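Listed below, chain by chain, are the residues.
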Amino acid sequence: MAVAYRRAKESDFSDSIEVLKQAFAPSCYEATLVALLWRNEKISAHYVATEAGKLVGYIAYSLGMAPGGLPIGLHLAPIAVHPAAQRRGIGRGLLNHSLDDLGSGVPLFVLGEPAFYGRFGFVPDPTLHSCFDETGGNFQVLGRGIIAPGEVLYEPEFHQAFNEVADRTVNKSANEE
Ligand SMILES: CC(C)(COP(=O)(O)OP(=O)(O)OC[C@H]1O[C@@H](n2cnc3c(N)ncnc32)[C@H](O)[C@@H]1OP(=O)(O)O)[C@@H](O)C(=O)NCCC(=O)NCCS
């Protein structure tokens with residue numbers, strides 16, 4: 001079955017959230033994050049993959065900022081392919097489609113497996129840091145241009161989503177006691 005790639009539309013919200021939940025289960029951080037970003041209109045660009053009219057993949061980009069708030073590029077986060085559709089090239093297709101559509105004019109940042117993102121031209125940059133890169137070496141950049149060394153900040157929703165997920169976990173444990 002042919003897979004189609006296109007920009008996400010408002011009507012893709014529920015299916016995109018569902019794909020994120022399924023792909024990242026048991027984590028609900030990514031679905032919570034995208035729901036917050038989407039509702040707060042903080043997504044700079046996002047794309048979906050569909051197969052036989054069904055949404056099977058989702059990728060989002062949001063602003064990356066220098067300390068002080070100056071936008072310096074876009075964070076690729078997250079990307080997800082429904083578990084039943086993985087390992088068939090859809091993740092690669094979705095990423096390539098989004099990179100083509102975004103063009104080379106804007107630096108892109110990603111936190112993830114260098115083995116995966118390296119295939120798309122992302123390279124680790126030791127002069128740039130992400131507060132979410134706990135082990136180090138997983139923060140990568142594509143099309144760097146001229147970016148001053150330092151931390152690359154995220155939209156506040158990235159932190160808010162952590163708090164929401166933590167609150168839900170605490171409430172769930174309390175209800176189970
Ligand atoms: C990561 C993910 C988006 C890849 O999508 P996919 O459709 O399964 O990937 P593809 O079939 O296009 O694979 C592309 C290549 O990357 C490789 N690959 C896939 N997932 C990988 C991973 N987690 N780590 C390293 N390589 C990976 C594949 O082996 C393939 O290599 P090949 O071209 O030599 O065959 C998908 O597996 C997924 O949703 N995973 C759960 C969520 C997640 O971890 N997202 C990424 C972090 S934000």
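Refer to the preceding data block for the structure.
Residues numbered from 1 in each chain as written. Predicted model: local features only at pLDDT ≥ 70, side-chain atom pairs only at ≥ 80, totals over all residues.

### Notes on the site of the ligand
Stage number 1. Around the ligand lies a shell of 17 residues, among which Ala-23, Gln-86, Gly-91, Arg-92 and Phe-116 are the nearest.
Stage number 2. Residue assignment for the shell around the ligand shows that the elements contributing at least two residues are helix H1 (13-24), strand E4 (71-81), helix H3 (90-102) and helix H4 (114-117).
Stage number 3. The element best represented in the shell around the ligand is E4, accounting for four residues.
Stage number 4. When the residues that make up the shell around the ligand are grouped by side-chain class, the tally is nine nonpolar, four polar and four charged. (Near = placed C-beta within 6 Å. Helix = DSSP H or I, 4+ residues; strand = E, 2+ residues; numbered from the N terminus. Nonpolar A, V, L, I, M, F, W, Y, C, P; charged D, E, K, R; others polar.)

### Examining the pairing of E4
Stage number 1. With nine of 11 residues buried, E4 lies mostly within the body of the structure.
Stage number 2. Pairing of strand E3 (residues 54-65) with E4, which is carried by eight bridges, proceeds in the antiparallel orientation. Considered in E4, the bridge of Ser-62 is made with His-75.
Stage number 3. Both E4 and strand E5 (residues 108-111) contribute to a ladder of three bridges, which runs parallel. Its bridge partner lying in E5, Leu-76 is registered against Val-110. (Buried ≥ 20, exposed ≤ 12 C-beta atoms within 10 Å, placed from the backbone. Pairing = 2+ DSSP bridges.)

### What to know about unusual backbone geometry
Glycine aside, negative phi is the norm for most residues, and most peptide bonds take the trans geometry.
Stage number 1. Cis geometry marks the peptide bond from Ala-25 to Pro-26; its omega dihedral reads 10 degrees.
Stage number 2. Secondary-structure assignment places Pro-26 in the loop between H1 and helix H2 (29-39).
Stage number 3. Here the bond from Ala-77 into Pro-78 is cis, since omega is -10 degrees, no more than 30 degrees from zero.
Stage number 4. Within the fold, Pro-78 resides in strand E4.

### Observations concerning the nonpolar core
Stage number 1. The biggest cluster of nonpolar side chains holds 40 residues, and the ones touching the most others in it are Ile-59 and Leu-76.
Stage number 2. With seven residues, the single largest contributor to this core is E4.
Stage number 3. Residues in contact with Leu-76, not counting those within four places in the same chain, are Ile-59, Tyr-61, Leu-108, Phe-109 and Val-110. (Core = buried A, V, L, I, M, F, W, Y, C linked by C-beta atoms within 7 Å. Contact = placed C-beta atoms within 7 Å.)

### Thoughts on H2
Stage number 1. Among the residues of H2, those classed as buried are Glu-30, Ala-31, Thr-32, Leu-33, Val-34 and Leu-37.
Stage number 2. Count one or two residues on from H2 and you reach Glu-41, which has phi positive near 55 degrees.

### Here we look at the packing of H1 against H2
Stage number 1. Contact geometry for H1 and H2: axes closest at 8 Å, N-to-C directions at 155 degrees. Taken together, the axis directions place H1 and H2 in an arrangement best described as roughly antiparallel. Crossing hand, H1 versus H2: right-handed. Between H1 and H2, the residues in contact are Phe-13, Ser-16, Ile-17, Leu-20, Lys-21 and Phe-24 and Glu-30, Ala-31, Val-34, Ala-35 and Trp-38, respectively. (Axes fitted to C-alpha atoms, helices over the stretch in contact; angles between N-to-C directions. Parallel < 35°, antiparallel > 145°, perpendicular 65-115°, else oblique. Left-handed = near helix turned anticlockwise from the far one by under 90°.)

### Section: the environment of Cys-28
Stage number 1. Counting through the fold element by element, Cys-28 comes out in the loop between H1 and H2.
Stage number 2. Placed 107 residues apart in sequence, Cys-28 and Thr-135 show a C-alpha to C-alpha distance of 22 Å.
Stage number 3. Excluding anything up to four places from it in sequence, Cys-28 contacts Lys-21 and Val-165.

### Regarding H3
Turn by turn, an α-helix covers 3.6 residues, leaving residues three or four places apart pointing in a common direction.
Stage number 1. Look at H3: 18 Å from first C-alpha to last across 13 residues, which is about the 18 Å you get at 1.5 Å a residue.
Stage number 2. Of all the residues in H3, the buried ones are Leu-94, Leu-95, His-97 and Ser-98. Projected down its long axis, H3 carries its buried residues within an arc of 160 degrees, all on one side.
Stage number 3. If you follow the buried residues of H3, they end up packed against strand E1 (3-7), strand E2 (43-51), E3 and E4.
Stage number 4. Looking one or two residues beyond H3, the residue adopting positive phi is Gly-103, at roughly 75 degrees. (Expected span 1.5 Å × (residues − 1). Arc of directions from axis to C-beta.)

Geometry only, nothing functional implied.
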